[in-house]
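Overview (structure and organization)
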2 protein chains.
Amino acid sequence: MIRVMNREDFKSFWPVFSRVVSARETYAFEPEITLEQAYHLWCELPLKSYVYIDNGEVLGSYYIKPNAAGPGNHVCNCGYMVAEQARGKGIARALCEHSQQQATEFGFKAMQYNSVVSVNEVAVKLWQKLGFEIVGRVPKAYRHARLGFVDTFVMYKWLGTSDD
Amino acid sequence: MIRVMNREDFKSFWPVFSRVVSARETYAFEPEITLEQAYHLWCELPLKSYVYIDNGEVLGSYYIKPNAAGPGNHVCNCGYMVAEQARGKGIARALCEHSQQQATEFGFKAMQYNSVVSVNEVAVKLWQKLGFEIVGRVPKAYRHARLGFVDTFVMYKWLGTSDD
């Protein structure tokens, strides 16, 4: 089940978040981030945050927010995380599809990911399957824990109908 | 003269800022932004903000900040504005060159512009002259006041030496 995330959910989600961030392989968050700071970034700054729950267990989450203000606020941005033990089960896909529906309901016309780590092939391929295109490649924009400087992709999907 | 911007400078700069933002041709800020909100975004959130002053008059400004946290914090982001009556006099160039020097002093390895409006040819050409490359093109990411949906560019320059 996917529903709006509350503070208790975030506390359950914190070990997942913390592990993803300290791995320094996918996200450009401060690896030493505290629970409070993470809650602020993931649940307070965004427009909305959601949680994927199975049998009372928090297995994944995403946030959605405008990617820019004013003349850029028709494009939204999302970030997704899935618990290590729950990967390969379609949860990221379910979260992404849910986020696209929500984005449309909120009135966004497009969705943009600003920094998909290029060597994160599982993610890149999934986003492509779900309609996202690589529209940019930023050289050496991420310091990967094992690989050092790697490129990041800007990925983008227009959600509106063609005559919008 | 280029120096660190203070609150009084920002007040002098406010008519320039306000006009640039309400024109909705170059920046993705809320067009109805207040002076307080603008000061927060331009001078408080960034690492540092600078002002170009000639004869006591504020003719331009820029901010510099990390473009991302943690494994992305070696890339900085800047934004520049020049007063309408002072354009075509090399002030944007001077600000950009100054920002690259400051970026290097702060230890950044690269500079990224996330959203250069593609039809803003003067800016695009100037950044290219100063060593920036277009590394991405985001379709219809900006609602231009006169032209409707236009593309934006991601522009990028590596500042470090090749063996960094």
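In this report, we go over the structure that sits alongside the text.

What counts, and where the lines are drawn
Residues numbered from 1 in each chain as written. Chains lettered and ligands numbered in written order. Predicted model: local features only at pLDDT ≥ 70, side-chain atom pairs only at ≥ 80, totals over all residues. Heavy atoms only, no water. Contact = heavy atoms within 4.5 Å. Buried area = accessible area lost by both parts, 1.4 Å probe. Salt bridge = Lys/Arg side-chain N within 4 Å of Asp/Glu carboxyl O. Polar contact = N/O pair within 3.5 Å; in protein donor to acceptor, adjacent residues only side chain to side chain. Helix = DSSP H or I, 4+ residues; strand = E, 2+ residues; numbered from the N terminus. Nonpolar A, V, L, I, M, F, W, Y, C, P; charged D, E, K, R; others polar. Least-squares fit on C-alpha atoms with pLDDT ≥ 70 in both. Axes fitted to C-alpha atoms, helices over the stretch in contact; angles between N-to-C directions. Parallel < 35°, antiparallel > 145°, perpendicular 65-115°, else oblique. Phe/Tyr/Trp six-rings, centres within 6.5 Å; stacked < 30°, edge-to-face > 60°. Buried < 20%, exposed > 50% of the residue type's maximum accessible area, 1.4 Å probe, protein only. Lys NZ or Arg CZ within 6 Å of the ring centre and 35° of its normal.

Describing the interface of chain B and chain A
In this assembly, 29 residues from chain B lie in contact with 29 residues from chain A. Together, the buried faces of chain B and chain A total about 2,300 Å²; carbon and sulfur atoms form 61% of this surface. Of all residues in chain B, Pro71(B), Lys140(B) and Arg143(B) give up the largest surface area on contact with chain A, accounting jointly for 25% of the area buried on that side. Counting across the interface, chain B meets chain A through zero salt bridges. Applying the counting rule to chain B against chain A returns 16 residue pairs in polar contact (both at pLDDT 80 or more). Looking at the side of chain B that touches chain A, the elements that each hand over two or more residues are strand S6 (133–144) and strand S7 (148–158) of chain B. In terms of residues, the side of chain B that touches chain A owes the most to one element, S6(B), which gives nine residues. Within the side of chain B that touches chain A, the residues separate by chemical class into 17 nonpolar, six polar and six charged.

Section: the relation of the copies chain B and chain A
In the superposition of chain B on chain A (RMSD 0.0 Å, axial shift 0.0 Å), the rotation amounts to 180 degrees. Read as a symmetry element, the transformation amounts to a two-fold axis. Taking C-alpha positions as the reference, the residue of chain B nearest the rotation axis is Gly136(B), at 1.8 Å. Comparing interface residues between copies, 100% of those in chain B also lie at the interface in chain A; the contact surface is shared.

Things to note about the packing of helix H1 (residues 7–23) of chain A against helix H2 (residues 35–44) of chain A
Each pair of packed helices can be described by the angle between their axes along with the distance between the axes. All names here are of chain A. It is the contact of H1 with H2, at a shortest axis distance of 10 Å, that shows an interaxial angle of 110 degrees. Our classification of the angle between H1 and H2 gives roughly perpendicular. In this structure, H1 uses Arg7, Phe10, Lys11, Phe13, Trp14 and Phe17 to contact H2, whose residues at the interface are Leu35, Glu36, Ala38, Tyr39, Trp42 and Cys43. Here the residues of the contact of H1 with H2 are counted per class, giving nine nonpolar, no polar and three charged.

Section: the side chain of Asn77(B)
Residue and element names in this part refer to chain B. Within the secondary structure, Asn77 is located in strand S4 (residues 75–82). A distance of 2.8 Å separates the side chain of Asn77 from the side chain of Tyr63, its partner in a polar contact. Polar contacts involving the side chain of Asn77 include one to the main-chain carbonyl oxygen of Gln112, which spans 2.9 Å.

Details of the packing of aromatic side chains
This model, assessed by the stated rule, comprises 38 aromatic pairs over all chains. Consider the rings of Phe10(A) and Phe13(A), whose centres lie 5.9 Å apart with planes at 65 degrees: the pair is edge-to-face. Linking Phe10(A) with Phe13(A), this pair stays in helix H1, spanning three residues, or about one helical turn. For the pair shown, Phe10(A) and Phe13(A) are each scored as buried. Members of the aromatic cluster, connected to one another through ring pairs, are Phe10(A), Phe13(A), Trp14(A), Phe17(A), Tyr27(A), Phe29(A), Tyr39(A), Trp42(A) and Tyr63(A). Of note, Lys140(A) hangs over the ring of Trp158(B), and the distance from its end group to the ring centre comes to 4.1 Å.

A look at the pattern of salt bridges
Per the counting criterion, the structure on display carries 16 salt bridges over all chains. Here Asp151(A) makes a salt bridge to Arg137(A), at a shortest N to O gap of 2.7 Å. Pair noted here: Asp151(A) is in strand S7 (residues 148–158) and Arg137(A) is in strand S6 (residues 133–144), with a separation of 14 residues, a long-range link. Between Lys11(B) and Glu8(B) there is a salt bridge, with the nearest N and O atoms lying 3.8 Å from each other. Taken together, the residues span about one helical turn, with Lys11(B) and Glu8(B) both in helix H1 (residues 7–23) at a distance of three residues. The exposure class of Lys11(B) is partly exposed, given its relative accessible area of 41%. By relative accessible area, Glu8(B) is classed as exposed at 51%.

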